[in-house]
Amino acid sequence: MYTFFVNGNRIQTEINKKLLPFIRENLGLKGTKDGCSEGACGTCTVIIDGKAMKSCLPTTEKMDGRSVTTIEGLSEREQAVYSHCFAEAGAVQCGFCTPGMIMSAKALLDVNDNPTKNEVKKAIRGNVCRCTGYVKIEEAILMAAKFFRENLEIPNTEHDAHLSRRFRRVDAVDKALGKGVYVDDLVIEGTIHAKALRSAYPRARVKSIDISAALAHPDAISVLLASDVPENKIGHIEHDWDVLIPVGGTTRYIGDALALVASKRQESLEEILKLIHVDYEILEPVTTTKQAMDPDAPKLHKKGNVLTIERLKRGDADAAIAKSKYVVTKTYHTPFTEHAFMEPECAIALPEDDGLLVYTASQSIFDEQREIARMLKLPKEKIHCQTKLVGGGFGGKEDMSVQHHAALMAWHIQRPVKVKLSRQESINIHPKRHAMEMEFTTACDENGRLTGMKALLISDTGAYASLGGPVLQRACTHAAGPYNYQDVDIVGKAVYTNNVPGGAFRGFGVTQSCFAMENNLNLLADMVGISPWEIRFRNAIRPGEVLPNGQIADPNTALDKCLLAVKSIFEANGRTGIACAFKNSGFGVGVPDVGRCTLSVEDGTIHIRTSAACMGQGLATVATQIVCETIGIAPEKTFCEPADTRRTPDAGTSTASRQTVITGEAIRRVANKLKEALEKTGSLSDLEGQEFYDEFTAITDPLGSDKPNPKSHIAYSYSTQVVQLDEQGKVEKVTAAVDVGTVVNPTAVEGQVEGGVVMGLGYALTEDYPIEGGYPKVKYGTLGLFRATEAPDIETITVKNDEVSREAYGAKGIGELSTIATAPAVQNAYFRFDGEFRTTLPLPKTAYRKEKV
């Protein structure tokens, strides 16, 4: 018998298990989150005998006689202070890491109520955050210290939710105190646990699968094979992904599922899986794009190894380059990288009427509904999807990962089924940022005016298509940069291999092509004899000018203002680097793009109903502010509902920085309808029970359009970043000037910039996803994620032109833009610092990545 205290309550148990699952499952304290169960991420941080510790490491046996405090054990005063400070500072985004951050903060402030910023950084070094960049978390902790130190009262202020106000996130307090509900927090009586058997080899023919021993296990409820799947081919765009690899089929990567096991107990899933015997014929994997494009290479898919070829050709690039004074040709390599969102994938499916209810945490409930319905050959209406809180996504939760498997098993056994990936499974299975090989030729005249460019981009899309086609399109449409010249010839190829699939990731292909283009620009500047800032300023796209893709820049284009905002910072010393970037808002390139919203008046409250997913970027807060701005109502009179296929209209996937513009405009339009009705009736009570609906469709032209000036995207955001190194070659500050049109919420924009910059610094300097022979060779703790102690000072400067677009009050996307310019700016800083021109990521031979001796 082990005896210890949790939040002051005496606990006696004979159960010896890890403390984290004991806290969550046996005690029902769900505020402590499970991010990795490897002691690497810090989401499970609790305080044990006064010290912050990760609860996933010790067992209950080791707790004998000790005292444990979880987020639920905070005093009323502590809850009030921490939730207020984290909400006011903007320190909460997806919220999955926040309770652990607060417990680390408490451990510090309990012994030091006047810490320095560096002491705060050290205190939370064991806690990873992928959303915020740590800046606002540090500010929140320092603010909390002041409240405790000076015994300040929590101010009872009214919150102004009009546009451009620092309105606190609508979900911040619940997330901070661990009260926000993620899928893994749900408790549904009678839930069965399921798990997939994954391929032992990246490429192998499955000769036979023997499940008899597995079925004989006393905990086994069911084992499903491909023959049990009504439609075995699904996929986000291309239906090329097997739900389960059939006997006689060939695996394409080590994440392929062969069988799906259901067990009475989660603890016995691995035992049952080990009882399944698979007879393989091992085949040589295709692990490089060069290998895959060889005419003699085995076909990984029926249509061959090239998923798609994209070409953007305008003018005569060859002639323009031939006539140019200066020409640069360089080859660049960018690696696969892992999203490392804090919440591993989890889904629960259960019978509902004659269909299924599926609880998920993804970037589009309607995408899930469509793919699950296809798999089960059911009408879409029979698949009811509801989202819970999403603990980060960054593009990594657009594909099916666990949702379809939970639904498949629940449909077969007609019982609630939960499927949750371990952190290592998540790392091995879900799509990554595409690795790319890129050859860029860029030319300019004697004054540094760009004249033409050619590029060849080869993208490793891995085993399945995922978003490989659209990612390649964005890489190509943005490859020539946000500059004013038109002679370009850009070819992109997405190629299948036996590597982990490549998919959507913050920046969506533009992170890769921007790195190449911006680096070439620096070499041209040296040839001309002007500064990297000057060559960008001379070529920066301005309103009315034509982008390389043919689109005429809107009056709201303010890249030149971004450059002017950072000029003095860049010129301060020789240890700075600069880069520009632009990023589309919306799907663009002719793809149908619709935002939808319903407003309903229920019990005197305006319910904002849209399926637009919030993964931490603050979509519910944006929606609330647009409604409040339009109607002139207090935020307390609104409620933004979670996405639900039966309650919220389909607003499309939260991707491509589209929701603020596309769904934001739909919200503005429907809010105007409600406002008009309110002006006629005089009060909300007179509108009780009424619903209002509107939508917005963004009209764009397809890639390769024969129009003289096609509209590729409805809007672009622009950015210039300056990275400053210290004398030892470490990043000490990043300044980001951003043109995002009308700023909906300054705190939120700063938070997106800070998080995006730190993610971009990781991409530039430390993060990698090594794959050897088709096998990932990485764990969460070795991904190279930036910690608080590595994160530099970050300054955000917002700029805009006087004239903004009409849609969504002129707001434009920020989530992706904030990451794109960081890596080339870092490369330029090091080039100016030590004279070495680096062409691969993460950058070699830096203070962060020493050469191995």
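Located above this text is the structure these notes cover.
Just so you know, these numbers come straight off a predicted model, no measurement behind them.

Quick notes on the rules
Residues numbered from 1 in each chain as written. Predicted model: local features only at pLDDT ≥ 70, side-chain atom pairs only at ≥ 80, totals over all residues. Heavy atoms only, no water. Disulfide = S-S within 2.5 Å. Salt bridge = Lys/Arg side-chain N within 4 Å of Asp/Glu carboxyl O. Helix = DSSP H or I, 4+ residues; strand = E, 2+ residues; numbered from the N terminus. Patch = residues over 30% accessible without salt bridge, like charges linked within 9 Å, V, L, I, M, F, W, Y side chains within 5 Å. Areas by Shrake-Rupley, 256 points an atom, 1.4 Å probe, with all protein chains shown as cover. Buried < 20%, exposed > 50% of the residue type's maximum accessible area, 1.4 Å probe, protein only. Expected span 1.5 Å × (residues − 1). Contact = heavy atoms within 4.5 Å. Axes fitted to C-alpha atoms, helices over the stretch in contact; angles between N-to-C directions. Parallel < 35°, antiparallel > 145°, perpendicular 65-115°, else oblique. Left-handed = near helix turned anticlockwise from the far one by under 90°. Nonpolar A, V, L, I, M, F, W, Y, C, P; charged D, E, K, R; others polar. Core = buried A, V, L, I, M, F, W, Y, C linked by side-chain atoms within 4.5 Å. Pairing = 2+ DSSP bridges. Polar contact = N/O pair within 3.5 Å; in protein donor to acceptor, adjacent residues only side chain to side chain. Phe/Tyr/Trp six-rings, centres within 6.5 Å; stacked < 30°, edge-to-face > 60°. Lys NZ or Arg CZ within 6 Å of the ring centre and 35° of its normal.

(A) View of the state of the cysteines. Evaluation of the coordinates by the stated rule reveals 0 disulfides. Cysteine Cys 36 is unpaired, with the sulfur of Cys 41 as its nearest cysteine sulfur at 3.7 Å.

(B) Spatial organisation of the pattern of salt bridges. Per the stated rule, a full pass over the model turns up 59 salt bridges. A salt bridge links Glu 790 to Arg 125; its shortest N-O distance comes to 3.6 Å. Residue Glu 790 is located in the loop between β32 (775–776) and β33 (793–799), and its partner Arg 125 is located in the loop between α4 (117–123) and α5 (135–150); the two are separated by 665 residues in the primary sequence. Across the salt bridge formed by Arg 205 and Glu 281, the nearest N and O atoms sit 3.0 Å from each other. You can see Arg 205 sitting in strand β7 (residues 204–210) and its partner Glu 281 sitting in strand β12 (residues 277–282), a full 76 residues away along the chain.

(C) Structural view of a nonpolar patch on the surface. A cluster of nonpolar residues, Met 293, Val 306 and Ile 309, forms a patch on the protein surface that exposes about 230 Å² of accessible area. By the secondary structure assignment, Val 306 is in strand β13 (residues 306–314). With a relative accessible area of 31%, Val 306 lands in the partly exposed category.

(D) Quick peek at helix α2 (residues 76–89). Taking 1.5 Å of rise per residue, 14 residues should cover 20 Å, and α2 covers 20 Å from first to last C-alpha, within 8% of that figure. Restricting attention to buried positions, one finds in α2 the residues Glu 78, Val 81, Tyr 82, Ser 83, His 84, Cys 85, Phe 86, Ala 87 and Ala 89. In the core, the buried residues of α2 are packed alongside α3 (98–109), α5, α6 (172–176) and α20 (746–765). Just beyond α2, the residue with positive phi is Gly 90, at close to 80 degrees.

(E) Just helix α12 (residues 403–413), in detail. For α12, the buried fraction is high: 9 of the 11 residues fall into the buried class. Of the residues making up α12, those classed as buried are Gln 403, His 404, His 405, Ala 406, Ala 407, Leu 408, Met 409, Ala 410 and Ile 413.

(F) Up close: the packing of helix α16 (residues 532–539) against helix α17 (residues 559–570). Where α16 meets α17, the axes come as close as 10 Å, and the angle between the chain directions of the two elements is 165 degrees. With respect to their mutual orientation, α16 and α17 come out roughly antiparallel. Viewed along their axes, α16 and α17 form a crossing whose handedness is left-handed. Residues Pro 532, Trp 533, Arg 536 and Phe 537 of α16 touch α17, and the partners they reach there are Asp 560, Leu 563, Leu 564, Lys 567 and Phe 570. Its residues placed into classes, the contact of α16 with α17 shows 6 nonpolar, no polar and 3 charged.

(G) The arrangement of the nonpolar core in detail. Membership of the largest hydrophobic core comes to 218 residues, with the highest contact counts inside it found for Phe 86, Ile 276, Ile 490, Leu 765 and Tyr 780. When residues in this core are grouped by element, the largest group, 10 residues, is from helix α15 (residues 510–528). Each residue touching Leu 765, except ones within four places of it in the same chain, is listed here: Val 731, Phe 786, Val 826, Tyr 830, Pro 842, Leu 843, Thr 846, Tyr 848 and Arg 849. If you look at the next biggest cluster of nonpolar residues, it comprises 28 residues, including Cys 597, Leu 599, Ala 620 and Ile 631.

(H) Quick peek at the sheet that holds strand β25 (residues 594–602). Within the open sheet, the 4 strands sit side by side as β27-β26-β25-β28. Their pairing is mixed. Each of the sheet's edge strands pairs with one partner strand only, and the pair in question is β27 (638–640) and β28 (691–697). Across the sheet, the mean angle from the axis of one strand to that of its neighbour is 20 degrees, orientation sign disregarded. Packed on one face of the sheet, helix α18 (residues 619–631) meets β25, β26 (605–609) and β27 and runs near 150 degrees to β27. The sheet strands contacting helix α19 (residues 659–681) are β25, β26 and β28, and the helix crosses β28 at an angle near 145 degrees.

(I) Examining the pairing of β28 more closely. Of the two faces of β28, the one lined by Phe 692, Asp 694 and Phe 696 is fully buried and the one lined by Glu 691, Tyr 693, Glu 695 and Thr 697 carries no buried residue. Direction of pairing for β25 relative to β28: antiparallel, over a ladder of 7 bridges. The residue bridging Leu 599 from the neighbouring strand is Phe 692, located in β28.

(J) Looking closely at unusual backbone geometry. Backbone torsion omega between Leu 841 and Pro 842 reads -10 degrees, so that peptide bond is classified as cis. Summarising the element assignment, Pro 842 is placed in the segment after α22 (822–834). Despite not being glycine, Asp 603 has its phi angle at roughly 55 degrees, a positive value. Looking at the element boundaries, Asp 603 is found in the loop between β25 and β26.

(K) Seen up close, the side chain of Lys 175. The residue Lys 175 is located in helix α6 in this model. Only 2.7 Å separates the side chain of Lys 175 from the backbone oxygen of Gln 93, close enough to count as a polar contact. Leave out the neighbours within four places in its chain, and Lys 175 touches Val 92, Gln 93, Cys 94, Gly 95, Thr 98, Pro 99, Arg 169, Gly 180, Tyr 182 and Leu 389.

(L) Geometry of the packing of aromatic side chains. Enumeration over the complete set of coordinates arrives at 16 aromatic pairs. When the centroid spacing of 4.6 Å and the interplanar angle of 10 degrees are considered together, the rings of Trp 241 and Tyr 464 count as stacked. Of the two residues, Trp 241 is situated in strand β10 (residues 241–242) and Tyr 464 in the loop between β21 (450–462) and α14 (468–477); the sequence distance between them amounts to 223 residues. Neither Trp 241 nor Tyr 464 differs from the other in exposure class; each is buried. A cation sits over an aromatic face here: Lys 567 above Trp 533, 5.0 Å from the ring centre. Over the aromatic face of Tyr 809 sits the side chain of Arg 668, whose NZ or CZ is 5.9 Å from the ring centroid.

(M) Broad picture of the pairing of β25. Burial analysis of β25 places 7 of its 9 residues in the buried class, the great majority of the element. Both β25 and β26 contribute to a ladder of 5 bridges, which runs antiparallel. Along β26, the bridge assignment pairs Leu 599 with Ile 608. As consecutive antiparallel partners, β25 and β26 are separated by 2 residues, and within that stretch Asp 603 has a phi angle of approximately 55 degrees, a positive value.

(N) Region of the structure containing the environment of Arg 77. Within the element layout of this structure, Arg 77 appears in helix α2. Overall, Arg 77 belongs to the partly exposed group, its relative accessible area being 29%. The spatial distance from the C-alpha of Arg 77 to the C-alpha of Phe 148 is 9.2 Å, given a sequence separation of 71 residues. If sequence neighbours within four positions are ignored, Arg 77 has contacts with Phe 147, Phe 148, Asn 151, Leu 152, Glu 153 and Ile 154.

Take it as geometry only, folks, not as evidence of what the structure does.
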